[in-house]
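The lines below spell out each chain.
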Amino acid sequence: MGVFTKPGPRQYPHQWNWDAALIALGLSYFDRPRALDEIQSLLSGQWQDGMLPHVVYHDIKSDYFPDPGFWQISNSLNAPKCATTGITQPPLLATVINKIHKKFSITDFIKEIFPKLLAWHRWLHTYRDADGTGLVCIIHPWESGTDDSPRWLNILENIQPINLTDFKRGDTRHVAARERPFPHDYQRFIYLIDLFRKYAYDQAAILAHSPFVVQDVLFNAILYQANNDLKALGAAIGVNTREINGWLKSMEAHFNNRFWDDEEGFYYDFDVRHHKSIKISTGITFLPLYAGLATQQQAERLIKDHYHNPNSYARDEHVSFGLTSASRNLAGWDPRRYWRGPVWILLNWLVYHGLLNYGFESEAAQLKDDSLALMSKSGFREYYDPRDGTGCGSEDFSWSAALAIDWIQSVE
Ligand code: DGY
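Residues numbered from 1 in each chain as written. Predicted model: local features only at pLDDT ≥ 70, side-chain atom pairs only at ≥ 80, totals over all residues. Heavy atoms only, no water.

Here we look at the overall build of the chain
Applied cut-off: For the purposes of this entry, the term helix denotes a DSSP run of H or I that reaches at least four residues, the term strand denotes a run of E that reaches at least two, and both are numbered from the N terminus. In this scheme, a residue with accessible area under 20% of its type's maximum is buried, one over 50% is exposed, and one in between is partly exposed, where area comes from a 1.4 Å probe on protein chains only. Only heavy atoms matter for contacts: two residues are in contact if any of them lie within 4.5 Å across the pair. Residue exposure ignores everything except the shown protein chains as possible cover, and the areas themselves are Shrake-Rupley values with a 1.4 Å probe. Under this rule, positive means Lys or Arg and negative means Asp or Glu; His and the chain ends count for nothing. The atoms used to mark charge sites are NZ of Lys, CZ of Arg, CG of Asp and CD of Glu.
Across its full length, the chain carries 15 helices and 10 strands. When each of the 412 residues of the chain is scored for burial, the buried share is 62%. Counting contacts in the chain only where the partners sit at least 6 residues apart, residues at least 24 apart contribute 71% of the total. With the model as given, the accessible surface of the chain reaches about 15500 Å², and the carbon-plus-sulfur share is 49%. If the 40 positive side-chain charges of the chain are averaged to one point and the 48 negative ones to another, these points end up 3 Å apart.

Below is the structure:
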């Protein structure tokens, strides 16, 4: 679109935070200036307190809901001048910039954007650290990027969307409703946004009162890796990285205590509002491998007991492609519905790197092969049915294409 790339031409017509990071990674292989523009464009939506929003609405007409006005971000004194949403998304950006830097040495660019990245991570560690552990909270399923993941269903179930504002969904206009979140969940997504508008995006008030406050394994694993990458970027331009070291140490000290269930050999998210583990099995359990936060022994249990378990994640005569985003033994497993079961290229890419970190070379190779096979068979789709590889969700999905390029071009 000139200054940014749509994640999906009709379904996602603005700029999404973690999509933009991955799109920049893909672009960097063949058009570096355009890749850096993508990043600058995303950063143009940064809030004055450092928050990097989950969507930046560029000046184009679209039928996307929620439209920019819906968020009422001007209720907050921290809002930027341009139109954005009022929540954030998993912080992949520093990691992508470090990957691009390792290939092409973009030191001047890093000097320019480093303060903005630092401000975002500082915002996360300040306004989203509910208990001084260095683990950050998400306040909306959309912040996890895995909107209708079974991980959130119990919490959503217990939210009563009283006086729900009028709205009309846009997401089932271009994609079949059977592949999108159920109305029940979507109502609660909107109810939460309405609460945030009423709190004028005051993070302390939201953490104190909102019904959805979660420490998410995926978000924290991505943040931990991104802090390491931010530290490397700081070192590359001679900046003191003591503050980042502090975040890393604190996350290291608390990550396994908070998320690892030693009985089951599994990583579970933590419901901060109700102070309990969310014991639902999804593919997110493998994310600590990506961040290098599991011990070798933990990694082996994850792979042996779960990744290769025929009841949950292993391929079998019914499931030809990995990795299913949710365990097959969940009651609500739904192989074509958004995050309830389908294969996502991003999840595969993150887990692929995690598997390599711990020496699971053949598992990693198979996950890469599965991903490329799915894209060859069904095109660059948003997600895929793990049984037969049917493409689902948005067509021409940008991060699937970007990660295919990265897989094919990168030299590990
Ligand atoms: C959507 O529009 O459904 C997105 O997932 C929200 O980020």
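From this point, the narrative continues.
Re the packing of aromatic side chains
To keep things clear, this is the line we draw: Stacked, edge-to-face and tilted are the three classes for Phe, Tyr and Trp ring pairs, Trp counted by its six-membered ring, which pair at centre distances within 6.5 Å; planes under 30 degrees apart are stacked, over 60 edge-to-face, the rest tilted.
Enumeration over the complete set of coordinates arrives at 27 aromatic pairs. Measuring from centroid to centroid gives 5.6 Å for tyrosine 338 and tyrosine 383, while their planes differ by 70 degrees, and the two rings are edge-to-face. Separated by 45 residues along the polypeptide, tyrosine 338 in the loop between helix H12 (296-307) and helix H13 (345-357) and tyrosine 383 in strand S9 (residues 383-384) bring together distant segments of the chain. According to the relative accessible area criterion, tyrosine 338 is buried, its value standing at 5%. Through pairs of rings, three or more aromatic residues link up here, namely Tyr12, Trp16, Trp18, Tyr64, Tyr338, Trp339, Trp344, Tyr383, Phe397 and Trp399.

Details of the sheet that holds strand S7 (residues 269-271)
Here is the rule: A pair of strands is labelled paired if DSSP reports no fewer than 2 bridges between them.
Reading across from one edge, S3-S4-S7-S8 is the order of the four strands in this open sheet, with antiparallel pairing throughout. Pairing within the sheet leaves two strands with one partner each, and these edge strands are strand S3 (137-138) and strand S8 (276-278).

Observations concerning helix H7 (residues 183-198)
Every α-helical turn comprises 3.6 residues, leaving residues that sit three or four positions apart pointing alike. Put simply, the test is: To estimate how far a helix should extend, the number of its residues minus one is multiplied by 1.5 Å.
Look at H7: 23 Å from first C-alpha to last across 16 residues, which is about the 22 Å you get at 1.5 Å a residue. Burial of H7 is extensive: 12 of the 16 residues sit out of reach of the surface. Among the residues of H7, those classed as buried are Asp185, Tyr186, Arg188, Phe189, Ile190, Tyr191, Leu192, Ile193, Asp194, Leu195, Phe196 and Arg197. In the core, the buried residues of H7 are packed alongside helix H5 (141-144), helix H6 (153-157) and helix H8 (203-209). Once H7 ends, the next one or two residues include alanine 200, with phi positive near 50 degrees.

A few points about the nonpolar core
In plain terms, the rule: Among the buried residues, those of types Ala, Val, Leu, Ile, Met, Phe, Trp, Tyr and Cys that are joined through side-chain atoms within 4.5 Å form a nonpolar core.
In this structure, Leu93 and Leu287 are the most contacted members of the largest nonpolar core, which totals 134 residues. A total of 10 residues in this core trace back to one element, the largest contributor, which is helix H9 (residues 217-236). Aside from chain neighbours lying at most four places away, what touches leucine 93 is Ala21, Ile39, Leu42, Leu43, Leu52, Leu117 and Trp120.

A word on the site of the ligand
Quick reminder of the rule: If even one non-hydrogen atom of a residue comes within 4 Å of a molecule or strand, that residue is called near it. Polar contact criterion, stated in full: a pair of N or O atoms within 3.5 Å, where within protein one must be able to donate a hydrogen and the other to accept it, and residues adjacent in sequence count only if both atoms are side-chain atoms.
In the vicinity of the ligand, the contacting residues are Tyr12, Trp16, His54, Tyr64, Trp142, Asp147, Arg180 and Tyr338. Take tyrosine 64: an N or O atom from its side chain is 2.5 Å from an oxygen atom of the ligand. In the model, an oxygen atom of the ligand is placed 3.1 Å from a nitrogen or oxygen of the tyrosine 338 side chain. Protein coverage of the free-state accessible area of the ligand, which is 230 Å², stands at 96%.

Describing unusual backbone geometry
Between phenylalanine 65 and proline 66 the backbone carries a cis peptide bond, its omega angle lying at 0 degrees. Mapped onto the secondary structure, proline 66 falls in the loop between strand S2 (55-56) and helix H3 (93-104). You will see that glutamine 72, though not glycine, has its phi angle at about 50 degrees, which is positive. Relative to the helices and strands, glutamine 72 is located in the loop between S2 and H3.

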